[in-house]
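In case you want the letters, here they are:
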Amino acid sequence: MEFRTVGIVGAGQMGNGIAHVFATSGYQVLLNDISQDALNDAIGRIQKNTARQVTKGQMSEEDRATALGRIRTTRELGDLGGTDLVIEAATEREQIKDQIFAGLQPSLESHTVLTSNTSSISITRLAAKTDRPEKFMGFHFMNPVPVMQLVELIRGIATSSETYAALLKVVESLGKTAASAEDYPAFIVNRILIPMINEACYALYEGVGNVASIDASMKLGANHPMGPLELGDFIGLDTCLAIMNVLHDGLADTKYRPCPLLVKYVEAGWTGRKSGRGFYDYRGDAPVPTR
């Protein structure tokens, strides 16, 4: 398998970051979203982030212009059918992902490999609903994609060795490091990380500490670059809740029960940075704790 063209479904935070790293690594990229505004925002963000790389001396202006020229956008899902590799980077809801793969299938070339950037959902289950489970894998990038070095590679039960080897080479071509994870709920990173954030929510819920003291304790006491509540806001509290629900449902263990306060914030639409409010209020000049 050799990949030259990459189709990416979803132009949000993860999708535009994935498009960025593929384009700057020499791949032709076709970025898809149902919203033209989302596509415009994604291109604007990629332009801004690559300009920052030029300022830092990480690439030349000529290389930046060439990379940006490799990215095209489309609102038509079927346009991705002719690409060698498709990466689904839509919201963390299994029903939506199933609809995307079903919509892609009629236009796919026989050689096209399908992948999902899901952070928690069963790869085996997603693959089984397609016509090519042997050419389907989990391809989980970390956020922010241009900065973070790790990519989790998750094989479903039917994933072929050829597919895994080909995607391992892709990760290496991006200058990133692959970690092989088994297809269990939330894989490696989020199996460990998201329950920590959920436990921080419980500490807040039970009055062990307020937002500022919990985050300061983990930054200064455990040398974490971000506090867990700040990190939850950065990831998106709706995404954190979705992953906790996958863990709770998939492993049937009460230690993965989502904190009621986390549920309440999501119900209120306070999902973190992207909504302007979460455990911090981001609508002013500086973030302010909400509790």
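Check the entry above for the structure.
First things first, this report covers the structure right here in the doc.

About the criteria used
- Residues numbered from 1 in each chain as written.
- Predicted model: local features only at pLDDT ≥ 70, side-chain atom pairs only at ≥ 80, totals over all residues.
- Heavy atoms only, no water.
- Axes fitted to C-alpha atoms, helices over the stretch in contact; angles between N-to-C directions.
- Helix = DSSP H or I, 4+ residues; strand = E, 2+ residues; numbered from the N terminus.
- Parallel < 35°, antiparallel > 145°, perpendicular 65-115°, else oblique.
- Contact = heavy atoms within 4.5 Å.
- Nonpolar A, V, L, I, M, F, W, Y, C, P; charged D, E, K, R; others polar.
- Core = buried A, V, L, I, M, F, W, Y, C linked by side-chain atoms within 4.5 Å.
- Buried < 20%, exposed > 50% of the residue type's maximum accessible area, 1.4 Å probe, protein only.
- Pairing = 2+ DSSP bridges.
- Salt bridge = Lys/Arg side-chain N within 4 Å of Asp/Glu carboxyl O.
- Right-handed = clockwise from strand over helix to strand, strands pointing away.
- Left-handed = near helix turned anticlockwise from the far one by under 90°.
- Phe/Tyr/Trp six-rings, centres within 6.5 Å; stacked < 30°, edge-to-face > 60°.
- Lys NZ or Arg CZ within 6 Å of the ring centre and 35° of its normal.

### Comments concerning the packing of helix 8 (residues 211-221) against helix 9 (residues 228-235)
Piece 1. For the pair helix 8 and helix 9, the least separation of the axes is 7 Å and the interaxial angle reads 100 degrees. On the basis of the axis angle, helix 8 is roughly perpendicular to helix 9. Here helix 8 contributes V211, I214, D215, M218 and K219 to the contact with helix 9, which in turn contributes P228, L229 and E230.
Piece 2. Among the residues forming the contact of helix 8 with helix 9, the class breakdown is 5 nonpolar, no polar and 3 charged.

### A short note on the nonpolar core
Note that soluble globular proteins tend to have their nonpolar side chains buried in a common cluster.
Piece 1. Of all hydrophobic cores here, the largest spans 33 residues; its most connected members are F22, L85, F139 and F141.
Piece 2. Among the elements of the structure, strand 1 (5-9), helix 1 (13-24), strand 2 (28-32), helix 2 (36-55), strand 4 (85-88), strand 6 (136-141), strand 7 (150-155) and helix 6 (161-173) are those that each provide at least two residues to this core.
Piece 3. Looking at which element gives the most residues to this core, the answer is helix 1, with 6 residues.
Piece 4. Discounting chain neighbours no more than four positions away, the residues touching F139 are F22, L85, I87, T115, S116, N117, V151, E152, L153, L167, V170 and V171.

### Focus: the sheet that holds strand 8 (residues 177-181)
Piece 1. Here we have 8 strands laid out as an open sheet, ordered 3-2-1-4-5-6-7-8, and mixed in their pairing. The sheet is open, and its two borders are formed by strand 3 (71-74) and strand 8, each paired with just one other strand. Here the strands of the sheet are splayed against their neighbours by 25 degrees on average, with no regard to which way each runs.
Piece 2. Bridge count between strand 6 and strand 7: 5 bridges; the pairing is antiparallel. Along strand 7, the bridge assignment pairs H140 with E152.
Piece 3. On top of the sheet, helix 2 reaches strand 2 and strand 3; it is set at about 165 degrees to strand 3, its chief contact.

### As for the pattern of salt bridges
Piece 1. According to the stated counting rule, one finds 11 salt bridges in the structure shown.
Piece 2. Notably, a salt bridge pairs D98 with K129, separated by 2.8 Å at the nearest N-O pair. Of the two residues, D98 sits in helix 4 (residues 94-104) while K129 sits in the loop between helix 5 (123-128) and strand 6, which places them 31 residues apart along the sequence.
Piece 3. What makes K129 partly exposed here is its relative accessible area of 45%.
Piece 4. A salt bridge links K219 to E230; the nearest nitrogen and oxygen atoms lie 3.8 Å apart. You can see K219 sitting in helix 8 and its partner E230 sitting in helix 9, a full 11 residues away along the chain.
Piece 5. Under the relative-accessibility criterion, K219 is labelled partly exposed at 32%.
Piece 6. If you follow the salt bridges from partner to partner, you end up with E94, D98, R125 and K129 in one network.

### Some thoughts on the pairing of strand 8
Piece 1. One ladder, built from 5 bridges, connects strand 7 with strand 8; its direction is parallel. Across the sheet, the residue bridging to V151 is A178, located in strand 8.
Piece 2. The β-α-β motif built from strand 7, the intervening helix 6 and the parallel element strand 8 has right-handed crossover chirality.

### Let's talk about the environment of A178
Piece 1. By the secondary structure assignment, A178 is in strand 8.
Piece 2. Sequence spacing of A178 and R191 is 13 residues, and the spatial spacing of their C-alpha atoms is 17 Å.
Piece 3. Not counting chain neighbours up to four residues away, the residues in contact with A178 comprise L150, V151, L153, L168 and V171.

### Observations concerning the packing of helix 7 (residues 189-205) against helix 9
Piece 1. Between helix 7 and helix 9, the shortest axis-to-axis distance is 9 Å and the interhelical angle comes to 120 degrees. One element, helix 7, and the other, helix 9, form an angle in the oblique class. Here the hand of the crossing between helix 7 and helix 9 comes out left-handed. Residue-level inspection shows L193, I194, M196, I197, A200, C201 and L204 of helix 7 in contact with helix 9, the latter providing P228, L229, L231, G232 and I235.
Piece 2. Partitioning the contact of helix 7 with helix 9 into residue classes produces 11 nonpolar, 1 polar and no charged.

### With respect to the packing of aromatic side chains
Piece 1. Tallied over the full model, the rule gives 8 aromatic pairs.
Piece 2. Ring centres 5.0 Å apart and planes at 75 degrees place the aromatic pair F22 and Y27 in the edge-to-face group.
Piece 3. Each ring, one from Y265 and one from W270, has its centre 5.6 Å from the other, and the planes form 90 degrees; the classification is edge-to-face.
Piece 4. Residue classification places Y265 among the buried positions, given a relative accessible area of 5%.
Piece 5. An aromatic cluster is defined as three or more aromatic residues linked by ring pairs; in this entry it consists of F22, Y27, F139 and F141.
Piece 6. Sitting over the face of the ring of Y164, R155 holds its NZ or CZ atom 3.9 Å from the ring centroid.

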